[in-house]
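The primary structure of each chain is shown beneath.
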Amino acid sequence: MRVAVADCWLELCEGDITQQAVDLIVNAANSYLRIGGGVDGAIHRQGGPAIHADTARRYPDGCPTGSAVISTAGQLAARYVAHAVGPQWNGGRNNEAELLAGAYRRALELAVEHECQAVATPAISTGVYGYPLNEAARVSLRTVIDFLTTQKRPEIVRFVLFNAETFAAYSNALAEISPPGK
Ligand code: ADP
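So, here is what we can say about the structure in this document. Values in this document were obtained by computation on a predicted structure and should not be read as measured data.

For Thr121, the position within the fold is in strand β6 (residues 118-121). A relative accessible area of 2% means that Thr121 is categorised as buried. Apart from the residues lying within four places of it in its own chain, the contact partners of Thr121 are Ile17, Val26, Tyr104, Val157, Arg158, Phe159 and Val160.

Looking now at helix α5 (residues 164-177). In an α-helix there are 3.6 residues to a turn, and that puts residues three or four apart on one side. An ideal rise of 1.5 Å per residue puts 20 Å on 14 residues; α5 measures up with 20 Å between its terminal C-alpha atoms. When α5 is considered as a whole, its buried residues turn out to be Thr166, Ala169, Tyr170, Ser171, Ala173 and Leu174. Residues of α5 that are buried in the fold lie against β1 (2-5), β2 (8-14), α4 (133-151) and β7 (156-161).

For the largest pocket, the calculated volume is near 620 Å³. Along its surface, the largest pocket is lined by 28 residues, and Ala28, Gly38, Val39, Gly127 and Val128 are the ones closest to its centre. Where the lining of the largest pocket is concerned, the elements lending two or more residues are α1 (38-47) and β7. Take the lining of the largest pocket: its biggest share by element is four residues, from α1.

What follows deals with the site of the ligand. Close contacts around the ligand come from 15 residues, with Asp16, Val39, Ser125, Thr126 and Gly127 the closest. At a separation of 2.9 Å, a nitrogen atom of the ligand approaches a polar side-chain atom of Asp16. Gly127 is positioned with one of its backbone polar atoms (N or O) 2.8 Å from an oxygen atom of the ligand. Isolated, the ligand exposes 560 Å² of accessible area, and the fraction of that covered by the protein chains is 90%. Under a 2 Å grid-point criterion requiring more than half of the atoms, the pocket assigned to the ligand is the largest pocket. Each residue belonging to the shell around the ligand can be placed in one class, and the counts come to nine nonpolar, five polar and one charged.

Cut-offs applied
Here the residue index of a chain counts from 1 through its sequence in written order. Since the coordinates come from a predicted model, pLDDT governs what is reported: local features require at least 70, and pairs of side-chain atoms require 80 or more to be given and counted, while whole-chain, interface and lining totals use all residues. Side-chain calculation: all heavy atoms of the structure are included, whereas hydrogens and water are not. Secondary structure follows DSSP: runs of H or I at least 4 residues long count as helices, runs of E at least 2 residues long count as strands, and numbering of each begins at the N terminus. Buried, partly exposed and exposed residues are distinguished by accessible area as a fraction of the type maximum, computed with a 1.4 Å probe on protein chains only: under 20%, between the cut-offs, and over 50%, respectively. Should any heavy atoms of two residues lie within 4.5 Å, those residues are counted as being in contact. Multiplying 1.5 Å by the residue count of a helix minus one yields the expected span of that helix. With a 1 Å grid spanning the protein atoms alone, the term cavity applies to any set of points in which a 1.4 Å probe fits but cannot get out, the term pocket to an open set with protein on both sides within 12 Å along at least five of seven lines, and the term lining residue to any residue with an atom within 4 Å of a point. Grid points are joined across faces, edges and corners, and a volume is the space filled by probe spheres set on the points. Throughout, near means a residue has at least one heavy atom within 4 Å of the molecule or strand. N or O atoms closer than or at 3.5 Å make up a polar contact, with two conditions inside protein: a donor-capable atom paired with an acceptor-capable one, and, for residues adjacent in sequence, both atoms drawn from side chains. Each accessible area is a Shrake-Rupley estimate made with a 1.4 Å probe; only the visible protein chains count as cover when residues are assessed. For a molecule to be placed in a cavity or pocket, more than half of its atoms must lie within 2 Å of the grid points of that cavity or pocket. In this count, Pro and Cys sit with the nonpolar residues alongside Ala, Val, Leu, Ile, Met, Phe, Trp and Tyr, while Asp, Glu, Lys and Arg are called charged and the others, Gly among them, polar.

Okay, here's the thing in structure tokens:
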């Protein structure tokens, strides 16, 4: 699924983000930038030790929730990884939507600052962090669409969704936000 936003493309596909060949891969990191499970574990496994060596050296204090930091992509088929820290879901009482939006916004700003044309991102916070899928889809897609509309960059933002349920939630949300033909 693919929709045009300003001069850019917003794409959804089902797959493993570590297999993407893009300029920048977004990671769903934790604020300590410790190697975790889920997509973070997969990115570190596939990219090798250079990624953690780089973040440990450059960001010894980690990264606040709702923001992102950039590193080498090691052996991944990308130039950079943006480690974006989404919120843990706590019933919507802890400013989760704004923090989730902030994590995407900062990752996209880093992509633009580093002249990245193609970006791949996972569904941040929807795994271990427990953000309800449909709500995460709405907030995440709305944030990316707003960014592309105002900044007109990067050229491609591709959500790489790990299973059919996640893909369906993001597809439905995108169809609601951006109906085909409009
Ligand atoms: P968080 O702690 O932010 O919830 P997780 O890694 O637990 O991060 O999950 C975030 C999303 O990434 C989930 O939708 C999960 O299914 C997905 N995911 C896990 N592994 C991969 C992968 N290799 N590629 C793309 N998405 C993945």
